[in-house]
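Here is what each chain is made of, one letter per residue.
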Amino acid sequence: MASNMVRDTKRPQMPTPQADARSQHQFTRLQILLEDYDDVIADWVEEHIGAERAGMWGIPDTSSNVLADICRQLTVPGLYGKRPQVSHVEGSAEGLIGVNGLLDKAGWLSSMPWFQYLAIGLSDIFLGVDKTSAGLVLRIVFPHNVHLVEDPNDPSKAKEHWELRQRFDPNTNEWAYYWDVWDVGARDSKGVETSPPSYRVIEGGGDKLDKTHLFFPEPMAFLGADYPWRTADGMPIIPRVHYQDADTRMLWNASLKRGIHRGTLNSALYWTYVGHCARDATGSYVMVAGLDAGTTTVNSETSSTSNPIYGQVPTKSKTVGPGSIEFFRLIDGQTPWVHEVGPGANLDMLRAFSDQYEMKQATRMGLNPSDLSRTAANPSSAAALMVSAEGKREYSRQSEVYFRPKDLELVRLAAIVAGNAGLGSFPETGYSIQYHQIPRTPTEDQSFRDDLDWQRARGQISQVGMYQATHPGVTAVDAVAALVRVAEDERELLALIAAEPPSEPSEPSEPSEEANDAELPTLQ
């Protein structure tokens, strides 16, 4: 399957054939998510039905994009549709995580809805933290530009991170591909460093020579003890956070959505055929034999078919369409004739099949069929498939497990980079994050609280546990602090009430005789 990346002759291949195949697949997936996959679907249609039939069908229909539709539905509002609450017990952390903090200024929260959409669709994506004179910069790094070397002690983690990017070569005054390579080094069983960590810039092709000196005045400043990306305890890290939509304990999750990936392409193929049949259903065409039509244009492709008597017999095919008239020669002795051929496709059946195929692809994302519906009744809707609020809520609950540790890792990385850049001193750990959730219905909310009360009454959950259940993402420390504040507020309120006894209500005064007289009804 061709793609723009394949046609970029200057782009170097991945270091291994396996990595190159994975990169090609993930780039194609990205094109689908960006809804820029005309070349991909054109090649897919031609591969399945041949060039001649593809020409008859016309321009492929890319309006059916199941993968993009479902990923967009699941991430609106998703985890980041409303601002997550990131907190820390130390007030100094506000300069990093607070409103107008360094992460805010770097565009973290504004870019995360789009980032989550890509993360779910691609299954692998990276977010990096860099520094400039203006502050922190967040970089979305697409997986087709990354090669990872796994840690021999943990195959789910990377020891080396190779990022392919273009840099302006000061010697040639041209843009060229280079690898940014982070290597965290190695340590023995006692924690002694046996291989120093490093960061290098390596040329993209050829012999992959070290070109760090072309872009940094002190290229050795990123080696060994001078490697700047380290945690507070001195452990070297890679300044890129690898987000994944499932914990498979593998380095890459690229194969997880191959089913819906191909299903999306097939769905576009089927809807392209439906469109072709709809155009043909606008009328009929006529076949005429034995009558001269004068000058005609014949478009045929010669091939052959096997006949049990005559062997290989040449055959011809012609492209026909509504409103056309096709003329044929008569065999000796035959009578001239005219025959009208009407539409041959059942559009209702084709449309129903394509609809069902789309719905089936959505279930490959782990959604319950009862949480899916079509928007055919609403012509103003841009999405072909709709996910219910309960389906979105359940998917968000599942996603929190994978996104929360990565978001906290990103905050730690931002604190490290900010400290190295002299932008402030912030704690690296101890953060908690609470995501927005789609509100429950009143019935769902009452059932949830009744269940917590039932567990509390039987000693199966503490007040801290109840607080965490109603505030997902809050740590036990933060929950205790919140409950202590509530208790202190209650004690303070009771003390204020006890210190100021309520004033005695005054007895109502006796009404005057005039008032009594005024209240009596007047007889007419």
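Residues numbered from 1 in each chain as written. Predicted model: local features only at pLDDT ≥ 70, side-chain atom pairs only at ≥ 80, totals over all residues. Heavy atoms only, no water.

Here we take up the overall build of the chain. Counting its regular elements, the chain contains 15 helices and 18 strands. The buried share among the 524 residues of the chain stands at 39%. The contacts of the chain with a sequence gap of at least 6 include a subset with a gap of at least 24, amounting to 63%. When the accessible area of the chain is evaluated, it comes to approximately 29700 Å², of which 53% is carbon and sulfur surface. (Helix = DSSP H or I, 4+ residues; strand = E, 2+ residues; numbered from the N terminus. Buried < 20%, exposed > 50% of the residue type's maximum accessible area, 1.4 Å probe, protein only. Contact = heavy atoms within 4.5 Å. Areas by Shrake-Rupley, 256 points an atom, 1.4 Å probe, with all protein chains shown as cover.)

By size, the foremost hydrophobic cluster in this structure holds 76 residues, and its most contacted members are Ile 70, Leu 96, Trp 108, Leu 136, Tyr 243 and Met 365. Among residues more than four places away in sequence, those in contact with Leu 136 are Leu 96, Leu 102, Ala 106, Val 129, Asp 130, Ala 414, Val 417, Ala 418 and Leu 423. Grouped together as the second largest cluster of nonpolar side chains are 8 residues, Met 14, Ala 19, Leu 164 and Ile 202 included. (Core = buried A, V, L, I, M, F, W, Y, C linked by side-chain atoms within 4.5 Å.)

Bringing the sheet that holds strand S4 (residues 146-151) into the picture now. Spatially, 4 strands are ordered S4-S5-S6-S9 in an open sheet, and the strand pairing comes out antiparallel. Looking at strand neighbours, the two that pair on one side only are S4 and strand S9 (198-203), the edges of this open sheet. Each neighbouring strand pair of the sheet contributes to a mean axis angle of 25°, computed without reference to strand direction. (Pairing = 2+ DSSP bridges. Axes fitted to C-alpha atoms, helices over the stretch in contact; angles between N-to-C directions.)

A cis amide bond, omega 5°, links Val 76 with the succeeding residue Pro 77. Mapping Pro 77 onto the fold places it in the loop between helix H5 (66-74) and strand S1 (85-87). Even without being glycine, Glu 35 reaches a positive phi, approximately 55°. With respect to the secondary-structure elements, Glu 35 resides in the loop between helix H2 (17-33) and helix H3 (38-49).

Now for the packing of helix H13 (residues 463-470) against helix H14 (residues 476-499). Contact geometry for H13 and H14: axes closest at 9 Å, N-to-C directions at 105°. Taken together, the axes of H13 and H14 lie roughly perpendicular to each other. Seen from H13, the contacting residues are Gln 463, Val 464, Tyr 467 and Gln 468; seen from H14, they are Ala 476, Ala 479, Val 480, Ala 482 and Leu 483. A breakdown of the residues in the contact of H13 with H14 according to their chemical character gives 7 nonpolar, 2 polar and no charged. (Parallel < 35°, antiparallel > 145°, perpendicular 65-115°, else oblique. Nonpolar A, V, L, I, M, F, W, Y, C, P; charged D, E, K, R; others polar.)

Attention shifts here to the sheet that holds strand S3 (residues 135-141). With antiparallel pairing, the 3 strands of this open sheet are ordered in space as S3-S2-S10. Two strands in the sheet have a free side with no partner beyond their single neighbour: S3 and strand S10 (240-244). On average, each strand axis in the sheet is tilted by 25° relative to the strand beside it, whichever way the strands run. Pairing of strand S2 (residues 124-132) with S3, which is carried by 7 bridges, proceeds in the antiparallel orientation.

Counted according to the given criterion, the structure contains 21 aromatic pairs. Each ring, one from Tyr 227 and one from Trp 229, has its centre 5.2 Å from the other, and the planes form 70°; the classification is edge-to-face. Judged by its relative accessible area of 2%, Tyr 227 is buried. Both rings, one in Tyr 270 and one in Tyr 357, keep their centres 5.0 Å apart while their planes meet at 85°; by these two values the pair is edge-to-face. (Phe/Tyr/Trp six-rings, centres within 6.5 Å; stacked < 30°, edge-to-face > 60°.)

Taken together, the 6 bridges between S4 and strand S5 (residues 154-169) define a ladder with antiparallel strand orientation. Note that in S5 the partner of His 147 across the bridge is Trp 162.

Relative to the assigned elements, Thr 212 resides in the loop between S9 and S10. Sequence-distant contacts of Thr 212, defined by excluding residues within four places in its chain, comprise Arg 200, Val 201 and Pro 219.

Right, let's get into H14. With 24 residues, H14 extends 34 Å between its outermost C-alpha atoms, agreeing within 8% with the 34 Å of an ideal straight helix rising 1.5 Å per residue. Of all the positions in H14, only Asp 478, Ala 479 and Ala 482 are classed as buried. (Expected span 1.5 Å × (residues − 1).)

Moving on, we come to a negative patch on the surface. Taken together, the side chains of Glu 488, Asp 489, Glu 490 and Glu 492 define an acidic patch exposed on the protein surface. Relative to the assigned elements, Asp 489 resides in helix H14. (Patch = residues over 30% accessible without salt bridge, like charges linked within 9 Å, V, L, I, M, F, W, Y side chains within 5 Å. Salt bridge = Lys/Arg side-chain N within 4 Å of Asp/Glu carboxyl O. Lys, Arg positive; Asp, Glu negative; His and termini not counted. Charge placed at Lys NZ, Arg CZ, Asp CG, Glu CD.)

Here Arg 11 lies in the loop between helix H1 (4-7) and H2. Residue classification places Arg 11 among the buried positions, given a relative accessible area of 14%. Reaching out from Arg 11, the side chain makes a polar contact with the side chain of Asn 145 at a distance of 2.9 Å. (Polar contact = N/O pair within 3.5 Å; in protein donor to acceptor, adjacent residues only side chain to side chain.)

Moving on: a nonpolar patch on the surface. Judged by side-chain polarity, Leu 493, Leu 494 and Ile 497 come together as a nonpolar surface patch covering roughly 310 Å² of accessible area. Examined against the element boundaries, Leu 494 turns out to sit in helix H14. According to the relative accessible area criterion, Leu 494 is exposed, its value standing at 57%.

This paragraph deals with the pattern of salt bridges. Per the counting criterion, the structure on display carries 20 salt bridges. Here Glu 390 makes a salt bridge to Arg 397, at a shortest N to O gap of 3.5 Å. A single salt-bridge network, built from bridges that share partners, covers Asp 130, Arg 139, Glu 163 and Arg 240.

Okay, the pairing of S9 next. For S9, the tally of buried residues reaches 5 of 6 residues, placing the bulk of the element in the interior. One ladder, built from 6 bridges, connects strand S6 (residues 174-183) with S9; its direction is antiparallel. Its bridge partner lying in S9, Tyr 178 is registered against Glu 203.

We now examine the side chain of Asn 145. Along the polypeptide, Asn 145 turns up in the loop between S3 and S4. You can call Asn 145 buried: its relative accessible area is 16%. In terms of polar contacts, Asn 145 uses its side chain to reach the side chain of His 144, at 3.5 Å. Among all residues touching Asn 145, those that are not within four sequence positions of it are Arg 11, Met 14, Trp 162, Glu 163, Leu 164 and Trp 179.

One can describe the packing of H3 onto helix H9 (residues 258-280) by two numbers: an axis separation of 10 Å at closest approach and a directional angle of 75°. In terms of their interaxial angle, H3 and H9 are classed as roughly perpendicular. Each of Val 40, Ile 41, Trp 44, Val 45 and His 48 in H3 lies in contact with H9, whose residues at this interface are Arg 262, Leu 265, Asn 266, Ala 268 and Leu 269. Classifying every residue of the contact of H3 with H9 gives 7 nonpolar, 2 polar and 1 charged.

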